[in-house]
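Observations on the three-dimensional arrangement
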Amino acid sequence: MNKLTIKQLAAEDRPREKMMLKGAEALSDAELLAILIGSGNAEESAVTLMQRVMNACGNDLNQLGKWEMRDFARFKGLGPAKSITIMAALELGRRRKLSQPAERPAIRCSTDIYELFYPLMCDLPTEEFWILLLNQAGKVIDKICISRGGIDQTTADVRTILREALLRRATQLILVHNHPSGNTRPSNDDRRLTDRIRQAAQIMNIRLTDHLIVTDGSYYSFADEGAL
């Protein structure tokens, strides 16, 4: 059997490189399918092979989703393993369409934040610093623990906080940490850190909407107290 030429191998690798550089949305259906099968046959690359497959089904993924193994077997290089890989991917796509996306909780006030974090923090013997990331509509993207510390102090790196917000494309940011002592009043360090994060986030066009200090049964909201 003839081996693929260097030119053909480069064609097979191109979809992976393209996806890494530009994202999955930049790839054609044939290129995405080529990534799944990994390689073509002795005469053609994975991309060329999958272009022929797509042509055979009218460039319609819904039609391709109805194919059985015998339909794929008409194409040289599509044995049972590769055929099943494609069929499994198409079935996952079908199931995804049928699934209802989970509704993200919306944050409307400080009480919403407290109720979200109280189960995580009410019994902690040491301080933890968390961030809550929101989209433009105020719905939760993620909540992330930034640091864990001692009985009366923890640290929070501003760069780490902003990095997490940027990676998840958050437009709003909320800070949350606990006081195991039960005292809800912010320390001078709490105020200074809040101001540093607020200024840094503003440069990145991210709005710091609140900072909550959580205790067992109560909380302090910087926003409610006009401290932001």
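Below you will find a few notes about this structure. (Residues numbered from 1 in each chain as written. Predicted model: local features only at pLDDT ≥ 70, side-chain atom pairs only at ≥ 80, totals over all residues. Heavy atoms only, no water.)

Considerations on helix H7 (residues 110–121)
This is how it is decided: Each helix is a run of H or I in the DSSP string that is no shorter than four residues. Each strand is a run of E no shorter than two, and both are numbered from the N terminus. Expected span of a helix, by definition, is 1.5 Å for each gap between consecutive residues, and there is one gap fewer than residues. Only protein chains enter the accessibility calculation, which uses a 1.4 Å probe; a residue whose area is less than 20% of its type maximum is buried, one above 50% is exposed, and one in between is partly exposed. This arc is taken over the directions from the axis of the helix to the C-beta atoms.
Compared with an ideal rise of 1.5 Å per residue, which puts twelve residues at 16 Å, H7 spans 15 Å between its outermost C-alpha atoms and is within 8% of the ideal. Among the residues of H7, Ser110, Ile113, Tyr114, Phe117 and Met121 are the ones counted as buried. An end-on view of H7 places all buried positions within 95° of arc, on one side of the element. When the buried face of H7 is taken as reference, the exposed residues oriented beyond 90 degrees from it are Glu115 and Pro119.

Quick word on the sheet that holds strand E1 (residues 128–134)
Across a sheet, paired strands are connected by hydrogen bonds in the backbone, their directions being either parallel or antiparallel. Selection rule: One requirement defines pairing of two strands: DSSP has to find at least two bridges between them. In this analysis, axes come from line fits to C-alpha atoms, helices being fitted only over the stretch in contact, and the angle between any two N-to-C directions falls in the range 0 to 180 degrees. Pairs of residues are marked as contacts when any of their non-hydrogen atoms sit within 4.5 Å.
Read from one edge of the open sheet, five strands run E2-E1-E3-E4-E5, paired in mixed fashion. Taken across any chain shown, the strands that pair with only one partner, and hence form the sheet edges, are strand E2 (140–148) and strand E5 (218–221). Averaged over all pairs of adjacent strands, the angle between their axes in this sheet comes to 20°, without regard to strand direction. Here seven bridges tie strand E3 (residues 172–178) to strand E4 (residues 207–215), and the two strands are oriented parallel to one another. The residue bridging leucine 173 from the neighbouring strand is leucine 208, located in E4. Against the sheet, H7 makes contact with E1, E2, E3, E4 and E5, and its axis sits at roughly 45° relative to E4, the strand it touches most. Here helix H9 (residues 188–203) sits on the sheet in contact with E1, E3, E4 and E5, set at roughly 155° to E4.

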